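So you can see what is in the structure, the chains are spelled out below.
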Amino acid sequence: MPTIDDRTQPGFLYVTSWEVCNRLGGVHTVLQTCTPHLETSYNDDLLFVGPDLWARRTPRAEFTEDATQPPLAAIAAERDIPVRFGRWEIEGRPRAALVDFGRLLERKNEILGALWDEHKVDSIHADWDTIERILFGLAAGMLIELHYHTYVRPTGTRAVAHFHQWLAGAGLLRLSDRTPEIGTVYTPHGTALGRSLAQAGEPLHRNLERFEPLTTARERGVIAQHSLEVAGANAASVLTSVSEHSGQEIRHILGREVDLVTPNGFRRVREADPARREQVREAIFRNAERFLGAPIDRGSTRLTLSSGPYQVHTKGIDVALRALGKLREGDEQPARRMLYIIAMRANQTGPRPETLRRLRSDEFAGEPIGVCTHNLAHPEADPILQLCRDAGLNNDPDDPVRVIFAPLMIDGRDPFLPFPYAEVLQACDATLFPSLYEPWGYTPVESLAAGVSTATTDLTGFGRFALAGPAEERRALVVLPRSELSDEALEERVADEARKFLALDDEAMVSLRSASDKLLERMSWDRLIGATLDAHRHACLL
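Residues numbered from 1 in each chain as written. Predicted model: local features only at pLDDT ≥ 70, side-chain atom pairs only at ≥ 80, totals over all residues. Heavy atoms only, no water.

S.K.: Quick one: what's the story with the sheet that holds strand β14 (residues 401-406), residue by residue and with numbers?
M.R.: With parallel pairing, 6 strands are arranged side by side in an open sheet as β14-β11-β10-β15-β16-β17. Only two strands of the sheet have a single partner each, and these edge strands are β14 and β17 (477-480). Across the sheet, the mean angle separating the axes of adjacent strands is 20° when strand polarity is ignored. Each of β10 (301-309), β11 (337-345), β14 and β15 (430-432) touches helix α12 (residues 317-325); the most contacted strand, β11, lies at about 160° to it. (Pairing = 2+ DSSP bridges. Helix = DSSP H or I, 4+ residues; strand = E, 2+ residues; numbered from the N terminus. Axes fitted to C-alpha atoms, helices over the stretch in contact; angles between N-to-C directions. Contact = heavy atoms within 4.5 Å.)

Right, here's the structure in full:
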């Protein structure tokens with residue numbers, strides 16, 4: 001790549017993602033935590049572009065609309081991309097624009113046809129979710145183009161647009177075609193095809209080269225996402241990956257060598273308040289007692305959490321449940337019990353009536369009422385419920401592990417876990433993420449930052465990053481060697497690690513709360529933001 005220096009620093013940065021002002025997963029955390037560092041480099045010459053998903057204009061905690069909208073908003077509406085300008089309510093309160101792509105539906109066939117003609121994006125069999133994201137990406141690109149020509153280009157300032165994941169890919173293609181003077185950076189955060197294969201149980205770390213991407217994408221029903229991603233990756237000025245092993249996947253599946261590896265950093269926002277931690281912890285145990293219909297001994301029970309999108313195999317929840325089921329076997333019981341909460345958003349219609357009745361009661365008594373707190377859309381086919389049955393995890397009073405499945409995203413609005421995610425996390429003793437596929441993997445990082453011990457695998461970008469450092473940094477972190485083990489061997493390893501964890505006394509648990517400070521320092525944005533800024537600089541030259 002060309003040599004860069006301070007003179008190649010772009011003057012204006014656009015950042016586009018489906019997760020701007022829309023917390024869904026790790027990309028939201030990436031953007032939220034790196035924003036203060038981007039603001040240091042760009043000051044107010046920075047605009048985040050995300051989807052306006054709230055047509056009724058209901059207030060959102062993460063977005064505050066400007067009282068007076070700029071004239072550009074009226075121009076954008078005339079061009080069928082209504083937009084609201086305001087502030088993203090995260091640290092630094094960066095400028096944000098939420099674009100409404102609904103009007104583009106009238107031209108859907110024309111838009112999709114043009115993407116096929118010009119970039120071979122094959123959306124003929126795309127479902128509505130995919131089409132919605134294609135239209136968002138296009139609307140975002142149209143808005144950036146309009147904003148650039150109105151405010152940035154007249155000043156002679158260079159601009160770069162950074163797109164995250166395939167969901168924003170159509171915007172990158174728009175700029176590549178219509179406004180190529182804007183440099184573009186594309187960070188896939190894995191690939192749609194890779195994620196689909198992992199969900200189907202394919203061990204990509206062993207079999208990647210045997211898959212022909214185009215044929216496999218058609219077979220897996222992700223050809224629209226895949227073809228959009230291929231087009232975006234090859235049109236971008238700069239292609240980045242968040243880890244070396246994700247770069248190998250990108251090279252084979254998207255057909256282009258990664259230009260730069262830009263690891264995801266982290267920013268510890270605030271230390272846990274011990275008093276608040278105990279308050280939330282006590283509330284979680286209380287609700288768990290009501291749901292289970294039996295008391296929980298706080299002193300001899302470790303609170304463990306798995307959370308994230310509902311991807312049972314990809315996130316390793318199947319391995320975790322089978323492993324914890326093994327703690328019931330044999331004559332020797334673990335030194336302590338475990339309360340294992342799985343919080344993964346699934347199709348559900350709200351809390352079960354039995355759950356609500358028990359949560360409102362001042363007493364706990366009664367038979368176990370199962371594992372799940374909510375009414376699932378299809379409980380008879382739910383993988384987590386089936387795994388619990390197969391593993392004998394039925395929440396019997398004498399079980400060493402009791403499981404509660406809360407099919408929700410923790411955001412403080414549900415009666416069973418009525419606290420923000422950060423507070424629930426800080427209340428835990430450990431988290432468990434034995435993932436099969438994770439380009440980076442933020443949830444274990446968040447755990448360590450909260451002073452909570454965690455487990456991940458060497459198939460995650462973060463796991464490999466941690467393994468590259470001193471072992472002393474990993475006292476509160478287990479990196480499971482999933483690349484080397486069969487599922488059966490991995491389950492035994494997780495069960496062994498769980499037994500060791502449950503044998504730790506309270507003093508040892510307290511010592512682990514700060515055991516990862518040096519690892520977190522090594523992966524702070526203070527150290528890692530330079531790679532992302534280099535990608536922006538390179539995009540100015542290409």
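From this point, the discussion proceeds with the structure in view.
S.K.: Describe the sheet that holds strand β3 (residues 63-65), with residues and values.
M.R.: Taking strand neighbours across the sheet as the criterion, the 9 strands line up as β3-β4-β5-β2-β1-β6-β7-β8-β9 in an open arrangement whose pairing is mixed. Of all the strands in the sheet, just β3 and β9 (260-261) have a single pairing partner and so form its edges. In this structure, strand β1 (residues 12-16) lies alongside strand β6 (residues 159-164), joined through 5 bridges in parallel fashion. Opposite phenylalanine 12, over in β6, you have alanine 159 as the bridge partner. Set on the sheet, helix α1 (residues 26-42) makes contact with β1, β2 (46-51), β4 (83-88) and β6; between it and β2 the angle comes to about 160°.

S.K.: If you had to explain empty space enclosed by the protein to someone new, which residues and values would you point to?
M.R.: Tallying each qualifying case throughout the model produces 2 cavities of 30 Å³ or more. Of the voids in this model, the largest cavity is the one considered here, and its volume is about 120 Å³. Lining the largest cavity are 15 residues; nearest its centre among them are Val30, His162, His164, Trp525 and Thr532. At the level of secondary structure, the elements contributing two or more residues to the lining of the largest cavity comprise α1, β6 and α21 (525-541). Per-element tally for the lining of the largest cavity: the top contributor is α1, with 4 residues. Looking at the lining of the largest cavity, its residues break down into 7 nonpolar, 8 polar and no charged. Of the volumes computed, that of the second largest cavity is approximately 50 Å³. Looking at the second largest cavity, the residues that line it are Ile296, Thr301, Arg337, Met338, Leu339, Asp399, Pro400, Val401 and Arg402. (1 Å grid on protein atoms, 1.4 Å probe; cavity = no way out; pocket = protein on both sides within 12 Å on 5 of 7 lines; lining within 4 Å. Points joined across faces, edges and corners; volume = space filled by probe spheres on them. Nonpolar A, V, L, I, M, F, W, Y, C, P; charged D, E, K, R; others polar.)

S.K.: Which residues make up the packing of aromatic side chains, and what are the values?
M.R.: Overall, the coordinates contain 10 aromatic pairs when judged by the stated rule. Relative to phenylalanine 405, the ring of tyrosine 310 lies with its centre 5.9 Å away and its plane at 20°, an arrangement referred to as stacked. Taken together, the residues span a long stretch of sequence, with tyrosine 310 in the loop between β10 and α12 and phenylalanine 405 in strand β14 at a distance of 95 residues. By relative accessible area, tyrosine 310 is classed as partly exposed at 25%. Ring centres 5.7 Å apart and planes at 65° place the aromatic pair tryptophan 440 and phenylalanine 465 in the edge-to-face group. With tryptophan 440 in the loop between β15 and α16 (442-449) and phenylalanine 465 in helix α17 (residues 461-467), this pair connects stretches of sequence that are 25 residues apart. For tryptophan 440, a relative accessible area of 4% puts it in the buried group. In this structure, lysine 120 packs its charged tip against the face of tryptophan 116, placed 5.2 Å from the ring centre. (Phe/Tyr/Trp six-rings, centres within 6.5 Å; stacked < 30°, edge-to-face > 60°. Buried < 20%, exposed > 50% of the residue type's maximum accessible area, 1.4 Å probe, protein only. Lys NZ or Arg CZ within 6 Å of the ring centre and 35° of its normal.)

S.K.: Explain the packing of helix α11 (residues 274-292) against helix α13 (residues 353-360) residue by residue, including any values.
M.R.: The interhelical angle for the contact between α11 and α13, taken along N-to-C directions, is 125°, at an axis separation of 8 Å. As judged from the angle between their axes, α11 and α13 are oblique. By crossing handedness, the relation of α11 to α13 is classed as right-handed. Packed against α11, whose contacting residues are Arg286, Asn287, Arg290, Phe291 and Leu292, the element α13 presents Thr355, Arg358 and Leu359 at the interface. (Parallel < 35°, antiparallel > 145°, perpendicular 65-115°, else oblique. Left-handed = near helix turned anticlockwise from the far one by under 90°.)

S.K.: Please provide a residue-by-residue account of the layout of surface pockets, values included.
M.R.: Within this model, the second largest pocket holds a volume of roughly 350 Å³. If you go around the second largest pocket, you meet 21 residues; those closest to its centre are Thr454, Ala455, Val478, Glu497 and Phe501. The set of elements that each furnish at least two residues to the lining of the second largest pocket consists of β15, β16 (453-457), β17 and α18 (487-503). Ranked by residue count, the leading element in the lining of the second largest pocket is α18, at 5 residues. Within the lining of the second largest pocket, the residues separate by chemical class into 14 nonpolar, 4 polar and 3 charged.

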